[in-house]
Amino acid sequence: MKRSDFPPDFLWGTATASFQVEGTEPGDGRGGSIWDTFCATPGKVHNNDTGKTACEHYKRYAQDVALMGELGINAYRFSIAWPRLLPDGTGRVNQKGIDFYNRLIDELLKKNIAPCATLYHWDLPQKLQDTGGWATRAICGPWAEYVNLAYEHFGDRVKQWFTHNEPWVAAFAGNLQGRHAPGNTDLATAVAASYHLVLTHGQAIEAFRQSKARDGKIGVVLNLYPAVPAADSEADKHAADLSDQFQNRWFLDPVYKGCYPQELREIFEKAGAPLPEKPGDLDFIKKQKPDFLGINYYFRKVLRAAASEDIAQGKIPHPALPIVEVIPPGARTTEMGWEIYPQGMADLLLRIKDDYGNPPLFITENGASFPDDKFAVGTKSPYMLDDEDRRQFIEDHIAAGLRARKAGANLAGYFVWSFMDNFEWARGYSKRFGVFYVDYKTQERSWKKSARWYESFLKG
Ligand code: IFM
């Protein structure tokens, strides 16, 4: 497999997100976000790690962009921190926050790296959470202010935009499972949040097309999974279908078809979690056709119907959803416990082609956490960190992307998650996904074998 097997304008990138890499101190006027609050709540994040220092990308962005230049990528996906631009979520603008993204964007352009900006990658200003966050429709006002500010300041140079990153995670990990900020465990709150995330996605596209950024392109980033039954039984097939409705169609269907999967909608209604839909919303959302779809692919889901002991042991997402995720016997997994299954990425791309009108697609995240520390801490190789598992993972997934392209999927880009090791949310700094190693004590960046491989692939 060679780079030249893909079209010359294919985007080859790496991805990060503001809270995971920037460092929040010194904030230069940045306001607090729900993740600052979550990290400050003892026991919520592994080791009580915080985003205070992270990778100091806010300070070291020029050095990081220089490394990206050496790597040979032609696109960098980053996210804009809402609380850097509007510390209170609305109203007062923080010029220093705008200046930072201007510097980052200009630096990228100097190296011929296309800046690809995500508007929301989970760092909601805390002040907006205090008034209900994504669970209330009132979020639409501040959101309009924020996205218009971003288009106004960066739209002349940023030509690839993403509205939300993984709204499933923002809604359900944050408001049903409580394992992400803001840490709620309430189905009705989660369903309402999921709805407003989709609504604000539509709103962001409408505003985009009226803004000075409109000659660029915009889409959403979803975390999607092929959902397959563990056994060839009706019960397991139904479990897989329910998981597909929950993980995939709950976002794909409103965005592309202007509707919600009926069965799941009814399940949520019966469980006291109705969609807060107003007449005309779904038509409005469907009309805001995205220019492309970003897919974060990490693993597939294998599902079986829950038995009563699974329910007692809390293995199901909610009593209304009696499904259990399993790892097939003999499957290899990453350090996150996720099955390594590259073919799933090809299956997913082709499914989107078949069921959602073959839109242009980007793999906006793909990568793996493996315990690099055992090579790195104290015993650093003089040459590079030998992360063969990650290198192979990336190569195998790019190959799956190529197979999907050959079978007709409209794949236009691939971004490795992540450019460098960073703050892995509730797992703190304990999980490393980077192709560059970060020594958190010195902030030194080092090449891993996966980065060298990506470099040689990109340079042909
Ligand atoms: O680190 C996250 C990222 O923020 C969103 N997608 C999945 C990654 C790995 O868990």
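Predicted, not measured: the structure shown is a model, and the values here were computed from it.

Enquirer: Help me understand the overall build of the protein chain, please; the structure alone is not making it clear to me.
Expert: In terms of regular secondary structure, the protein chain is built from 17 helices and 13 strands. Compactness check: the protein chain gives a C-alpha radius of gyration of 21 Å against a globular reference of 23 Å for 460 residues, within 12% of the reference. In terms of its C-alpha atoms, the protein chain occupies a principal-axis envelope of roughly 55 × 55 × 45 Å. Classification of the 460 residues of the protein chain by burial places 59% in the buried group. Pairs at least 24 apart in sequence give 76% of the contacts found in the protein chain among residues at least 6 apart.

Enquirer: Would you mind showing me how to read the side chain of D310 here?
Expert: Checked against the element boundaries, D310 lands in helix α13 (residues 308-312). Those residues within four positions of D310 in sequence are excluded, and the remaining contacts are R304, A305, K315, I316 and V324.

Enquirer: Looking at this structure, how should I read the packing of aromatic side chains?
Expert: In this description, a pair of aromatic rings is defined by centroid distance and the angle of the planes. The tally for this structure, following the rule as stated, stands at 51 aromatic pairs. On the numbers, 4.7 Å between centres and 50° between planes, the contact of W122 with W425 is tilted. Here the residue W122 occupies a position in the loop between β3 (114-120) and α6 (126-129), and W425 occupies one in the loop between β11 (411-417) and β12 (436-439), the gap between them amounting to 303 residues. Note on accessibility: W122 and W425 belong to one class, buried. Every member of this aromatic cluster is reached through a ring pair, and the members are F19, W35, F38, W122, F423, W425, Y429 and Y440.

Enquirer: Whenever I open this one, the sheet that holds strand β6 (residues 227-229) confuses me. Can you help?
Expert: Two strands in a sheet stick together by hydrogen bonds in their backbones, pointing the same way (parallel) or opposite ways (antiparallel). One open sheet holds the three strands; their spatial order is β6-β8-β9, and the pairing between them is mixed. The open sheet has two edge strands with one neighbour each: β6 and β9 (323-326). Each strand of the sheet is rotated relative to its neighbour by a mean of 45°, with strand direction disregarded. Against the sheet, helix α10 (residues 234-257) touches β6, β8 (301-305) and β9, its axis set at about 125° to β8.

Enquirer: I would appreciate a short explanation of the side chain of S450 in the present structure.
Expert: Tracing the backbone through its elements, the reader meets S450 in helix α17 (residues 449-458). S450 gets classed as buried once you look at its relative accessible area, which sits at 1%. In this structure the side chain of S450 is engaged in a polar contact, spanning 2.5 Å, whose partner is the side chain of D387. Non-local contacts of S450, meaning those with residues more than four positions away in its chain, are made with D387, R390, R391, I394, G434 and V435.

Enquirer: Would you take a moment to explain the nonpolar core for this structure?
Expert: In a soluble, globular protein the nonpolar side chains are often hidden away together inside. If you look at the biggest cluster of nonpolar residues, it comprises 130 residues, and the most contacted ones within it are W35, W161, F172 and Y454. Counting residues in each nonpolar core, the second largest holds 16 residues, with F162, M336, F362 and F433 among its members.

Enquirer: Would you take a moment to explain the sheet that holds strand β4 (residues 160-165) for this structure?
Expert: Taken together, the eight strands give a closed barrel; going around it, the order is β1-β2-β3-β4-β5-β7-β10-β11, and neighbouring strands pair in parallel fashion. The mean angle between the axes of side-by-side strands here comes to 25°, regardless of whether they run parallel or antiparallel. Packed onto the sheet, helix α5 (residues 95-110) meets β2 (75-79) and β3 and runs at close to 170° relative to β2.

Enquirer: What should I look at first to understand the layout of surface pockets in this one?
Expert: The rolling of a water-molecule-sized probe over the atoms marks out the regions of remaining empty space. There is about 1,100 Å³ of room inside the largest pocket. Lining the largest pocket we find 41 residues, and of these R179, Y225, F299, K301 and W338 sit closest to its centre. Of all elements in the fold, only α8 (167-175), α10, β8 and β9 reach the threshold of two or more residues within the lining of the largest pocket. In terms of residues, the lining of the largest pocket owes the most to one element, β9, which gives four residues. Residues that form the lining of the largest pocket fall into these classes: 21 nonpolar, ten polar and ten charged.

Enquirer: Quick question: what am I supposed to make of α17 here?
Expert: An α-helical turn contains 3.6 residues, so any two residues separated by three or four positions project in the same direction. The element α17 is largely enclosed, with a buried count of seven among its ten residues. Inspection of α17 places S450, A451, W453, Y454, E455, F457 and L458 among the buried residues, and these make up the whole buried set. For α17, the elements touching its buried residues are β1 (11-15), α3 (57-71), α16 (388-406), β11, β12 and β13 (444-447). Positive phi appears at G460, one or two residues downstream of α17, with a value of about 75°.

Enquirer: Would you mind going over the site of the ligand with me for this structure?
Expert: The immediate surroundings of the ligand are formed by Q20, H121, W122, N165, E166, Y298, W338, E365, W417, E424, W425 and F433. Interatomic distance of 2.8 Å between a side-chain N/O atom of H121 and an oxygen atom of the ligand. Residue W417 places a side-chain N or O atom 3.4 Å away from an oxygen atom belonging to the ligand. Protein chains bury 95% of the 280 Å² of accessible surface belonging to the ligand in isolation.

Enquirer: Looking at this model, I keep getting lost on the state of the cysteines. Mind explaining?
Expert: Between two cysteines, a covalent bond joining their sulfur atoms is known as a disulfide. Going through the model one piece at a time under the given rule, you end up with zero disulfides. Cysteine C55 shares no disulfide, and the gap to the nearest cysteine sulfur, in C39, comes to 13 Å. Assessed through its relative accessible area of 0%, C55 is described here as buried. The thiol sulfur of C116 is not disulfide-bonded, and the nearest other cysteine sulfur, from C55, lies at 19 Å. Residue classification places C116 among the buried positions, given a relative accessible area of 0%.

Reading the values: the criteria
Residues numbered from 1 in each chain as written. Predicted model: local features only at pLDDT ≥ 70, side-chain atom pairs only at ≥ 80, totals over all residues. Heavy atoms only, no water. Helix = DSSP H or I, 4+ residues; strand = E, 2+ residues; numbered from the N terminus. Rg over C-alpha atoms; globule rule 2.2 N^0.38 Å. Buried < 20%, exposed > 50% of the residue type's maximum accessible area, 1.4 Å probe, protein only. Contact = heavy atoms within 4.5 Å. Phe/Tyr/Trp six-rings, centres within 6.5 Å; stacked < 30°, edge-to-face > 60°. Pairing = 2+ DSSP bridges. Axes fitted to C-alpha atoms, helices over the stretch in contact; angles between N-to-C directions. Polar contact = N/O pair within 3.5 Å; in protein donor to acceptor, adjacent residues only side chain to side chain. Core = buried A, V, L, I, M, F, W, Y, C linked by side-chain atoms within 4.5 Å. 1 Å grid on protein atoms, 1.4 Å probe; cavity = no way out; pocket = protein on both sides within 12 Å on 5 of 7 lines; lining within 4 Å. Points joined across faces, edges and corners; volume = space filled by probe spheres on them. Nonpolar A, V, L, I, M, F, W, Y, C, P; charged D, E, K, R; others polar. Near = heavy atom within 4 Å. Areas by Shrake-Rupley, 256 points an atom, 1.4 Å probe, with all protein chains shown as cover. Disulfide = S-S within 2.5 Å.

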